[in-house]
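In case you want the letters, here they are:
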Amino acid sequence: MGRCIGGVVIFLYQGQWKQKKPHLIYLQSLALVCIMPITKRVHLKDWQYLSIKIWSEEGLVVNMTELSLRMTIHQALQTNFGIVGASSPITVLDWDEVAHTGIIKVMQSELVAVWSALVNHQFLITGQPCAFEIISSSAHLISLANNSRSSQL
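Computed from a predicted structure; not experimentally measured.

Reading the values: rules and limits
Residues numbered from 1 in each chain as written. Predicted model: local features only at pLDDT ≥ 70, side-chain atom pairs only at ≥ 80, totals over all residues. Heavy atoms only, no water. pLDDT = per-residue confidence, 0-100. Contact = heavy atoms within 4.5 Å. Helix = DSSP H or I, 4+ residues; strand = E, 2+ residues; numbered from the N terminus. Polar contact = N/O pair within 3.5 Å; in protein donor to acceptor, adjacent residues only side chain to side chain. Buried < 20%, exposed > 50% of the residue type's maximum accessible area, 1.4 Å probe, protein only. Pairing = 2+ DSSP bridges.

(A) Here's a closer look at the confidence of the model for the protein. Per-residue pLDDT for the protein averages 78, and the proportion of residues at 70 or more is 66%. Note that pLDDT drops below 50 for residues 22-38; the model gives that stretch 31 contacts with residues more than four away or on any other chain.

Set out below in structure tokens:
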């Protein structure tokens, strides 16, 4: 008797349990045939781009530099995921100091961790409570360049 378990076939052969991982197994003594399901792996893009904004209820009147943004993102990752989370490679591609909006580049494998760290992190700027807001996300930078919903003619 044999079973397919997680891509591995476990079977009893001549009184001993055996384990194999081929795509097709045929044992004449047991008449066991197990064809493994073929799955196509879709590789995601290496990078994900996030359009972010720093949000405050009272409105921010102070300019925030790109360095301050990087430090705040690093602090958010370290607070939520420790030193390992803070080691996530993040690149600030664009930052508007007055509007407090920008675009960051994140590895696809780190997207969920970075997203949750940013959304859950609250901080103070000149005594005002602030938070990150994810405006949009895309695997292609060009799609963040112009948003048809917010553009004006």
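Having seen the model, we can carry on.
(B) Geometry of the side chain of Gln48. In this structure, Gln48 sits in strand β6 (residues 47-56). A polar side-chain atom of Gln48 sits 2.8 Å from a polar atom in the side chain of Ser137. Once residues within four sequence positions are removed from consideration, Gln48 is found in contact with Ile104, Lys105, Val106, Gln108, Leu111, Ser137, Ser138 and Ala139.

(C) Main features of the pairing of strand β9 (residues 122-125). Judged by which residues are buried, β9 turns out to be one-sided: Phe123 and Ile125 face inward and are buried, whereas Gln122 and Leu124, on the alternate face, are not. Note: β9 against strand β10 (residues 128-138), 4 bridges, orientation antiparallel. Each residue of the ladder has a partner; that of Gln122, found in β10, is Ala131. Hairpin connection, β9 to β10: the antiparallel pair is bridged by 2 residues, and Thr126 has positive phi, about 50°.

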